[in-house]
Amino acid sequence: MKARLTIDEYTSGILTGDRIVLGKAISLIESNLSTDEQQAIQLVERIIDKTGNSIRIGITGVPGVGKSTFIETFGKFVTGQGKKIAVLTVDPSSQLTKGSILGDKTRMDELSKNNRAFIRPTASGNVLGGVANKTREAILLCEAAGFDVIVVETVGVGQSEVAVKNMVDFFLLLMLAGAGDELQGIKKGIMEMADSVVISKADGDNMKHATEAQAEYQQALHLVPSSISGWSPKVLTCSSLTNTGIQEIWKMILKFKDHATKSGFFEQNRMQQNIAWFQEHFNHLLKNDFRRFPSIQAEFINLEKKIADQKISVQAAANELLSSYHRAIKNS
Ligand code: GDP
């Protein structure tokens, strides 16, 4: 199959659930070529009314906590329930270090062979905002292709968790028992974002620690202000190796969906996420537009220098730059 398809080919391939076409369509979305960008916008427009029919689950946790093993086991379980699962990853570290924390090893090998599963490694892009934007569009394509469970996986790096939280319905934090919050790099806010904390590797000798950690985290979560969803976060344990606790996690997610749907939170949250996405994307477009004038770039640097030398106030400099930008647009 050729690398680029026509819009009609992309659309019909996606709507018939063709995973190869879906993969190519995501590549189109990830492309930074302006012709591809235009085509990608058209494609999303075409399929937009077939999107939304899924549960979007964010999964985070430090490297080694067991994310990929969990997603593999969880994926096998939900596909066994007749669901179709798509797994997307947000890993901005891959651009910075040239080696992805998530992508180096062969991950989710078995699940990737399951014809009810679609696994897409790291989205490309050099800024988190860009990666997140493309992942959001990839979610829509997966939904149009009939995937009803969408997992967005990320690592505990920088702001990627916040970005993922803002594109999913349910946010799950995987934690190791007995590793200590410091060691796990858990920033205060992350716990507050979680709809569930799951203690991984609850098997063998680790079982006791896992149960203790469960009680501790449940206690800690009581202190977290309750979320506007009205859902109180649950702490569960699981083992991907012995396949225990997986079904309970799925049941909890269904319960959340039911709860949030009945209260109206589910739709409202998605709507707010979309509005925030729109604002974010528009800001991004404005910034790009601003950057297209070399003279403005030069003036930007010049004004920075003047600010450093205390020759101009910040406010006056910003106003001056805006006026120059307006003039540049007029003359373009
Ligand atoms: P990730 O970096 O968070 O994706 O973690 P991985 O899924 O790659 O798992 C890291 C290591 O933990 C691997 O050696 C796994 O075999 C191991 N592991 C994952 N899940 C479990 C589990 O449920 N029990 C035990 N005992 N080990 C596990």
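Residues numbered from 1 in each chain as written. Predicted model: local features only at pLDDT ≥ 70, side-chain atom pairs only at ≥ 80, totals over all residues. Heavy atoms only, no water.

What to know about the overall build of the protein chain
Reasoning step 1: Helix and strand counts for the protein chain come out as 14 helices and seven strands.
Reasoning step 2: Residues classed as buried in the protein chain amount to 47% of the 332 residues present.
Reasoning step 3: Nonlocal contacts in the protein chain, meaning residues at least 24 apart in sequence, comprise 74% of its contacts between residues at least 6 apart.
Reasoning step 4: Only carbon and sulfur atoms are counted for the fraction: they give 54% of the accessible area of the protein chain, which is about 17200 Å². (Helix = DSSP H or I, 4+ residues; strand = E, 2+ residues; numbered from the N terminus. Buried < 20%, exposed > 50% of the residue type's maximum accessible area, 1.4 Å probe, protein only. Contact = heavy atoms within 4.5 Å. Areas by Shrake-Rupley, 256 points an atom, 1.4 Å probe, with all protein chains shown as cover.)

Some remarks on the site of the ligand
Reasoning step 1: The local shell around the ligand holds 15 residues, among which Gly 64, Lys 67, Thr 69, Asp 203 and Ser 240 are the closest.
Reasoning step 2: Here Gly 64 contributes a backbone N or O atom positioned 2.8 Å from an oxygen atom of the ligand.
Reasoning step 3: Lys 67 is positioned such that a nitrogen or oxygen atom in its backbone is 2.8 Å from an oxygen atom of the ligand.
Reasoning step 4: Protein coverage of the free-state accessible area of the ligand, which is 580 Å², stands at 73%. (Near = heavy atom within 4 Å. Polar contact = N/O pair within 3.5 Å; in protein donor to acceptor, adjacent residues only side chain to side chain.)

With respect to the packing of aromatic side chains
Reasoning step 1: This structure, assessed with the given rule, holds eight aromatic pairs.
Reasoning step 2: Seen in terms of ring centroids, Phe 118 and Phe 147 are 6.0 Å apart; in terms of plane orientation they differ by 45 degrees. Their pairing is tilted. Of this pair, Phe 118 sits in strand E3 (residues 117–120) while Phe 147 sits in the loop between helix H7 (128–144) and strand E4 (149–154), and the two are 29 residues apart along the sequence. Summarising the burial analysis for this pair, Phe 118 and Phe 147 share the class buried. (Phe/Tyr/Trp six-rings, centres within 6.5 Å; stacked < 30°, edge-to-face > 60°.)

Some thoughts on the pairing of strand E2 (residues 85–90)
Reasoning step 1: A large share of E2 lies buried, amounting to six of its six residues.
Reasoning step 2: The pairing of E2 with E3 spans four bridges and is classified as parallel. If you follow Val 87 over to E3, its bridge partner there is Ile 119.
Reasoning step 3: Across six bridges, E2 lies against E4 in parallel orientation. Its bridge partner lying in E4, Ala 86 is registered against Ile 150. (Pairing = 2+ DSSP bridges.)

Some words on the pairing of strand E5 (residues 170–175)
Reasoning step 1: Across the six residues that make up E5, a large majority, six, are buried.
Reasoning step 2: Burial of the side chains of E5 extends over both faces: Phe 170, Leu 172 and Leu 174 are buried on one face and Phe 171, Leu 173 and Met 175 on the other.
Reasoning step 3: Of the strand pairs in this sheet, strand E1 (residues 55–60) and E5 are connected by four bridges, and their pairing is parallel. Within E5, the residue paired with Thr 60 across the bridge is Leu 173.
Reasoning step 4: Sheet analysis places E5 next to strand E6 (residues 196–199), joined by four bridges and oriented parallel. Directly across from Leu 173, in E6, lies its bridge partner Val 197.

Overview of the side chain of Thr 154
Reasoning step 1: Position of Thr 154 relative to the elements: it lies in strand E4.
Reasoning step 2: Of note is the side chain of Thr 154, whose polar atom sits 2.9 Å from the backbone oxygen of Val 90.

Topic: the pattern of salt bridges
Reasoning step 1: As enumerated under the stated definition, the model contains 13 salt bridges in all.
Reasoning step 2: Linking Glu 30 and Arg 120 is a salt bridge whose minimum nitrogen-to-oxygen distance equals 3.1 Å. Here Glu 30, found in helix H2 (residues 19–30), pairs with Arg 120, found in strand E3; they are 90 residues apart in sequence, far enough to count as distant.
Reasoning step 3: Here Glu 30 falls in the buried class, since its relative accessible area comes to 13%.
Reasoning step 4: Here Arg 120 falls in the buried class, since its relative accessible area comes to 15%.
Reasoning step 5: Across the salt bridge formed by Glu 110 and Lys 76, the nearest N and O atoms sit 3.3 Å from each other. Remark: Lys 76 occurs in helix H4 (residues 67–80) and Glu 110 occurs in helix H6 (residues 109–113); sequence separation between them is 34 residues.
Reasoning step 6: Here Glu 110 falls in the partly exposed class, since its relative accessible area comes to 48%.
Reasoning step 7: For Lys 76, a relative accessible area of 39% translates into the label partly exposed. (Salt bridge = Lys/Arg side-chain N within 4 Å of Asp/Glu carboxyl O.)

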